[in-house]
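Descriptive structure summary
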Amino acid sequence: MRNFIVFLLSTIPTLALGDWEVNLPRGVTPTSVLAYDLHMLIFYITVIIGIGVFGVMFYSIIHHRKSKGVVPANFHENTKIEIVWTVIPFLILVGMAIPATQALILMEDTSEAEVTLKVTGYQWMWKYEYLEDNVSFLSRIDSESNKARKLNSGVDVSNVKNYLLEVDNPIVLPVNAKIRLLLTAGDVIHAWWVPELGGKKDAVPGFVNEMWFNINKPGIYRGQCAELCGKDHAFMPIVVKAVSKAEYEKWVMNQQNNNKIANKK
Ligand SMILES: [Cu+2]
């Protein structure tokens, strides 16, 4: 039975199930934390409403059943009740819409970013351009995952570390800095998604979408393309390495030097 459940869960394309987690990750950015907290708040409101509504319903079904000789009350077209059951849901909805709107407004505010990273989706890789620092590179799935994923590769993928979630060139970004992403695509629609950084945005040919995050914890964060973009859609992962500002500056210098050497050749 457990194997069957594991099989069923494995058919759901999500990253969160690796550790038997079913909830969203809380993430490491202000927007991901906000989205998580908002999700939990609304989840608890719906749980309380669910318990209330089903509680009253089951209580009525059991204690006011016909076989007990109960005669139904008649309050058809009762204005007071109709006002109450309209006003209460209205207030609950407004109460949920206020924090949700505030969160959306914050998520859309890409102003005053320190680093601007242009992301272009291609079949099937990502191109990253650091607009201020003149650094750019392509990022593809790493060769180990790529070999293992081939039909009849004979590789047991459970032995491949970060299977399908590893790239050759990860993105490096500083922590505690506002990062603005400009997303577009060169062929078909892709979507850039790293769950722990919050948000997921489409990369559409001919359009530039924006998103931002400010990573508060150094670490490696992994994601995937989240828009079906062709046969290798599942094989264009995203890896973000969040490092201190000093380390980031060092990395940028190295990249610029590498670019210079490559250009000379
Ligand atoms: Cu894609």
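Look up a bit, the structure's there.
These remarks concern the structure in this document. From a predicted model like this one, the values you see are computed outputs, not experimental measurements. (Residues numbered from 1 in each chain as written. Predicted model: local features only at pLDDT ≥ 70, side-chain atom pairs only at ≥ 80, totals over all residues.)

**Things to note about the sheet that holds strand E8 (residues 209–213)**
Read from one edge to the other, the open sheet built from 5 strands follows the order E3-E2-E1-E5-E8, with strand pairing classed as mixed. Each edge of the open sheet is held by one strand with a lone partner, namely strand E3 (135–139) and E8. Averaged over all pairs of adjacent strands, the angle between strand axes in this sheet comes to 20 degrees, irrespective of strand direction. Relative to E8, strand E5 (residues 179–185) runs antiparallel, the two sharing 5 bridges. Bridging across to E8, Ile179 finds its partner in Phe213. (Pairing = 2+ DSSP bridges. Helix = DSSP H or I, 4+ residues; strand = E, 2+ residues; numbered from the N terminus. Axes fitted to C-alpha atoms, helices over the stretch in contact; angles between N-to-C directions.)

**With respect to the environment of Val135**
Position of Val135 relative to the elements: it lies in strand E3. Separated by 62 residues in the primary sequence, Val135 and Ala73 place their C-alpha atoms 74 Å from one another. Val135 has contacts with Tyr130, Val252, Gln255, Gln256 and Asn259, leaving out every residue within four places of it along the chain. (Contact = placed C-beta atoms within 7 Å.)

**Notes on the environment of Ser244**
Relative to the helices and strands, Ser244 is located in the loop between strand E10 (238–243) and helix H5 (245–264). C-beta crowding within 10 Å serves as the criterion here: with 12 such atoms nearby, Ser244 is assigned to the exposed category. Measuring from C-alpha to C-alpha, the distance between Ser244 and Val172 comes to 10.0 Å, with 72 residues separating the pair along the chain. Apart from the residues within four sequence positions on either side, Ser244 is in contact with Pro174, Val175 and Pro218. (Buried ≥ 20, exposed ≤ 12 C-beta atoms within 10 Å, placed from the backbone.)

**Things to note about helix H3 (residues 79–108)**
Its 30 residues place the ends of H3 43 Å apart at the C-alpha level, agreeing with the 44 Å of an ideal helix rising 1.5 Å per residue. Counting buried residues in H3 gives 0 out of 30 residues, a small share hidden from the surface. (Expected span 1.5 Å × (residues − 1).)

**Looking at the sheet that holds strand E7 (residues 200–203)**
One open sheet accounts for 5 strands, arranged E4-E10-E9-E6-E7; its pairing is mixed. Only two strands of the sheet have a single neighbouring strand rather than two, namely strand E4 (171–174) and E7. Averaged over all neighbouring strand pairs, the angle between strand axes comes to 25 degrees, with direction disregarded. Note that strand E6 (residues 190–193) and strand E9 (residues 219–225) share 2 bridges and pair antiparallel. Pairing of Trp192 across the sheet is with Cys225, part of E9.

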